[in-house]
Amino acid sequence: RGDAEPLASPDPLRRVDCADIADHITGGNWFAVLILGGASVDEAMAQVQSGDFSDDPLTAFRDSAVAQIDAFSRPGAMLDLCHHPVGQIPGQQFAGLRVGDLVVHAWDIARAVGAEENLDEELVREAFTVDEPIAAGFLDSGALGSGPRFASDDLSPQSRLLHLLGRRT
């Protein structure tokens, strides 16, 4: 396959490859669908962690993205409280977390394959606004690795977000 090489390229910052990132993104989309459908965090995690989306990553991503959009588009989904690893949050905040996850992983993949790393400024600012207040919970869980986190005002918005979430530019 012509696209197999970039999927195998290692991500120099996180020591995972693009296929792992694609699996994570697809799993995150399905996780959101399950949580918004009323599943517990444990139930949703068990289902997405047993998935392997590597046979046809593009189709797997598209299917999961459409299902996630449908789940967030359900009447009331943005206002309903849902169970999330960080606690009870409204669907609107959950949607913001999903957008932030996709934005940061776009950077991961760009870095891994040597592509343009500049992210959309509006999405970066929105992701930072959603992620910053709860980043400590992710740090405590070990989900973002270890090491100091800072969001110095002298960094660009993109660098502030990336540093907050454990990436170094």
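The structure reproduced in this document is the subject of the present report.

**A look at helix α8 (residues 157-164)**
Taken across its eight residues, α8 has seven buried, putting it largely inside the fold. Every buried residue belonging to α8 is among Q158, S159, R160, L161, L162, H163 and L164, and all of these are buried. Positive phi shows up at G166, right after α8, with a value of about 90°.

**A look at the packing of helix α2 (residues 18-36) against helix α3 (residues 41-49)**
α3 packs onto α2 with a crossing angle of 145° between their chain directions and a minimal axis gap of 9 Å. The chirality of how α2 crosses α3 is right-handed. For the pair α2 and α3, contact is made by G27, W30, F31, L34 and I35 and by V41, A44, M45, Q47 and V48, respectively. For the contact of α2 with α3, the residue count by class is eight nonpolar, two polar and no charged.

**Quick notes on the environment of G51**
Considering the arrangement of structural elements, one finds G51 in the loop between α3 and α4 (57-73). Classification of G51 by relative accessible area gives partly exposed; the value is 31%. Each C-alpha atom, one on G51 and one on D23, is 8.2 Å from the other, the two residues being 28 residues apart in sequence.

**Topic: the pairing of strand β4 (residues 87-90)**
Sheet analysis places strand β3 (residues 81-84) next to β4, joined by four bridges and oriented antiparallel. Counterpart to H84 in the pairing with β4 is G87. Hairpin connection, β3 to β4: the antiparallel pair is bridged by two residues.

**Structural notes on the pattern of salt bridges**
Evaluated as defined, the whole model comprises five salt bridges. The partner of D101 in a salt bridge is R98, and the shortest N-O contact between them spans 2.9 Å. One end of the pair, D101, and the other, R98, are both in helix α5 (residues 91-113), three residues apart, so they sit about a helical turn from each other. Across the pair, R98 and D101 agree in class, each one buried. Here D108 ties to R167 by a salt bridge, and the two come within 2.7 Å at their closest N and O atoms. With D108 in helix α5 and R167 in the segment after α8, this pair connects stretches of sequence that are 59 residues apart. An identical accessibility class is assigned to D108 and R167; each is buried.

**Comments concerning the packing of aromatic side chains**
The final tally for this structure, using the stated rule, is two aromatic pairs. With centroids separated by 6.4 Å and ring planes inclined at 85°, the aromatic side chains of F31 and F94 adopt a geometry described as edge-to-face. Residue F31 is found in helix α2, and its partner F94 is found in helix α5; the two are separated by 63 residues along the sequence. F31 sits in the buried class, given a relative accessible area of 8%. Look at F72 and F94: their rings are 5.6 Å apart centre to centre, the planes differ by 70°, and that puts the pair in the edge-to-face class. Note that F72 is positioned in helix α4 and F94 in helix α5, a separation of 22 residues in sequence. Take F72: its relative accessible area is 11%, and that puts it in the buried class. Cluster of aromatic residues (ring-pair linked, three or more members): F31, F72 and F94.

Basis of the calculations
- Residues numbered from 1 in each chain as written.
- Predicted model: local features only at pLDDT ≥ 70, side-chain atom pairs only at ≥ 80, totals over all residues.
- Heavy atoms only, no water.
- Buried < 20%, exposed > 50% of the residue type's maximum accessible area, 1.4 Å probe, protein only.
- Helix = DSSP H or I, 4+ residues; strand = E, 2+ residues; numbered from the N terminus.
- Axes fitted to C-alpha atoms, helices over the stretch in contact; angles between N-to-C directions.
- Left-handed = near helix turned anticlockwise from the far one by under 90°.
- Contact = heavy atoms within 4.5 Å.
- Nonpolar A, V, L, I, M, F, W, Y, C, P; charged D, E, K, R; others polar.
- Pairing = 2+ DSSP bridges.
- Salt bridge = Lys/Arg side-chain N within 4 Å of Asp/Glu carboxyl O.
- Phe/Tyr/Trp six-rings, centres within 6.5 Å; stacked < 30°, edge-to-face > 60°.

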